[in-house]
Amino acid sequence: MKRLIDFLGALVALGLFSPVLLVVAAVIRIRLGAPVLFPQPRPGKNGRVFILWKFRTMTSACDAAGQPLPDAERMTGLGRFLRASSLDELPELWNVLCGDMSLVGPRPLLVEYLGRYSPEQARRHEVRPGLTGWAQVNGRNAATWDERLRLDVWYVDHRNVWLDLRILVRTVAVVLQREGISAPGTATMPEFRGPMPNCNMENNRHAADAKDSPSS
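Here is what the cut-offs are and how they apply
- Residues numbered from 1 in each chain as written.
- Predicted model: local features only at pLDDT ≥ 70, side-chain atom pairs only at ≥ 80, totals over all residues.
- Heavy atoms only, no water.
- Helix = DSSP H or I, 4+ residues; strand = E, 2+ residues; numbered from the N terminus.
- Polar contact = N/O pair within 3.5 Å; in protein donor to acceptor, adjacent residues only side chain to side chain.
- Contact = heavy atoms within 4.5 Å.
- Expected span 1.5 Å × (residues − 1).
- Buried < 20%, exposed > 50% of the residue type's maximum accessible area, 1.4 Å probe, protein only.
- Arc of directions from axis to C-beta.
- Bend = angle between axes of the 7 residues up to and from the residue.
- Axes fitted to C-alpha atoms, helices over the stretch in contact; angles between N-to-C directions.
- Parallel < 35°, antiparallel > 145°, perpendicular 65-115°, else oblique.
- Phe/Tyr/Trp six-rings, centres within 6.5 Å; stacked < 30°, edge-to-face > 60°.

Side note on the side chain of N95
Part 1 of the argument: For N95, the location among the structural elements is in helix α4 (residues 92-98).
Part 2 of the argument: Among the polar contacts listed, one links the side chain of N95 to the backbone oxygen of I51, at a separation of 2.8 Å.
Part 3 of the argument: Leave out the neighbours within four places in its chain, and N95 touches F50, I51, L52, W53, D100 and M101.

Brief notes about the environment of V153
Part 1 of the argument: Along the polypeptide, V153 turns up in helix α5 (residues 145-158).
Part 2 of the argument: The residues contacting V153, other than those within four sequence positions of it, are E120, Q121, R123 and R124.

Focus: unusual backbone geometry
Glycine aside, residues mostly have negative phi angles, and peptide bonds mostly take the trans form.
Part 1 of the argument: That bond from A34 to P35 is cis: its omega, 0 degrees, falls within 30 degrees of zero.
Part 2 of the argument: Along the polypeptide, P35 turns up in the loop between α1 (2-31) and β1 (37-43).
Part 3 of the argument: The backbone of N46 sits at a positive phi, close to 60 degrees, despite the residue not being glycine.
Part 4 of the argument: Its place among the elements puts N46 in the loop between β1 and β2 (49-55).

Considering helix α6 (residues 161-177)
Part 1 of the argument: Helix length check: α6 (17 residues) gives 25 Å between terminal C-alpha atoms against 24 Å at 1.5 Å per residue, within 8%.
Part 2 of the argument: Regarding α6, the residues found buried are L163, D164, I167, T171 and V174. Projected down its long axis, α6 carries its buried residues within an arc of 90 degrees, all on one side. Pointing more than 90 degrees away from the buried face of α6 are the exposed residues W162, V169 and L176.

Observations regarding α1
Part 1 of the argument: Here α1 contains 30 residues, and its C-alpha end-to-end distance of 38 Å is more than 12% below the 44 Å for a straight helix at 1.5 Å per residue.
Part 2 of the argument: Taking the largest bend as the criterion, α1 deviates by roughly 60 degrees, centred on F17, and proline P19 comes between one and four positions later.
Part 3 of the argument: Every buried residue of α1 is accounted for by D6, A10, A13, L14, L21, V24 and I28.
Part 4 of the argument: Taken together, the buried residues of α1 touch β2, α3 (77-85), α4 and β3 (102-104).
Part 5 of the argument: Just downstream of α1, G33 is the residue with a positive phi angle, here 85 degrees.

So, the packing of α5 against α6
Part 1 of the argument: Contact pair α5 / α6: the axes reach a minimum separation of 9 Å and the direction vectors enclose 140 degrees. Here α6 runs oblique to α5, going by the angle between their axes. Each of W154, Y155 and H158 in α5 lies in contact with α6, whose residues at this interface are L163, D164 and I167.

Some thoughts on the packing of aromatic side chains
The description of an aromatic ring pair uses the distance of the two centres, along with the angle that the planes make with each other.
Part 1 of the argument: Tallying each qualifying case throughout the model produces five aromatic pairs.
Part 2 of the argument: Here the aromatic rings of W145 and F192 are separated by 5.4 Å at their centres, their planes lie at 55 degrees, and the arrangement is tilted. Placement of the pair is W145 in helix α5 and F192 in the loop between α6 and α7 (201-211), with a sequence separation of 47 residues.
Part 3 of the argument: Residue F192 is classed as buried on the basis of its relative accessible area, which comes to 1%.
Part 4 of the argument: Through successive ring pairs, a cluster of aromatic residues spans Y113, Y117, W145 and F192.

Next comes the structure, spelled out in structure tokens:
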């Protein structure tokens, strides 16, 4: 049922948002040049790598050594707007349609993070990654890595159609309010270097459960 909802939802969304996709693509082409889309390998279900598609939000500026400048220096005003409004994520509907992603699930992170997760954190890959997820409606990028990953694992253990619908509705509110767009003091999200020392995952699980209390 989840895969059917994902397929039909992505198909309808692509049709509805096709004018927006064309306008955003044209603006990026004029303001930032080519390429318009930013492809990047990301791990999906069971760690299988796929190509994720997003709209480009940064310039290609490099330093004297040919290395890309920090994200904060390459991020443009247009890029900040696209990220704040989540318009840069719209091409991922194609990933959902193809079956690489789901409408709801843990966000697909970088391939180089695969070897850095604790065994408990790695369980986030037991399901397809999503356009949005439980962590995205409970802090988004403003949450710490440990908070985000334990929320991802909480979703894996509690996922159902009704929870997915709840997350989709809450996602709309988060995007409209532009909450948690980036981590404090960064343009995007700092690199994940591994779980915190002496991290008690049982306590983390209880903390994630508390997020789902009626007061949240």
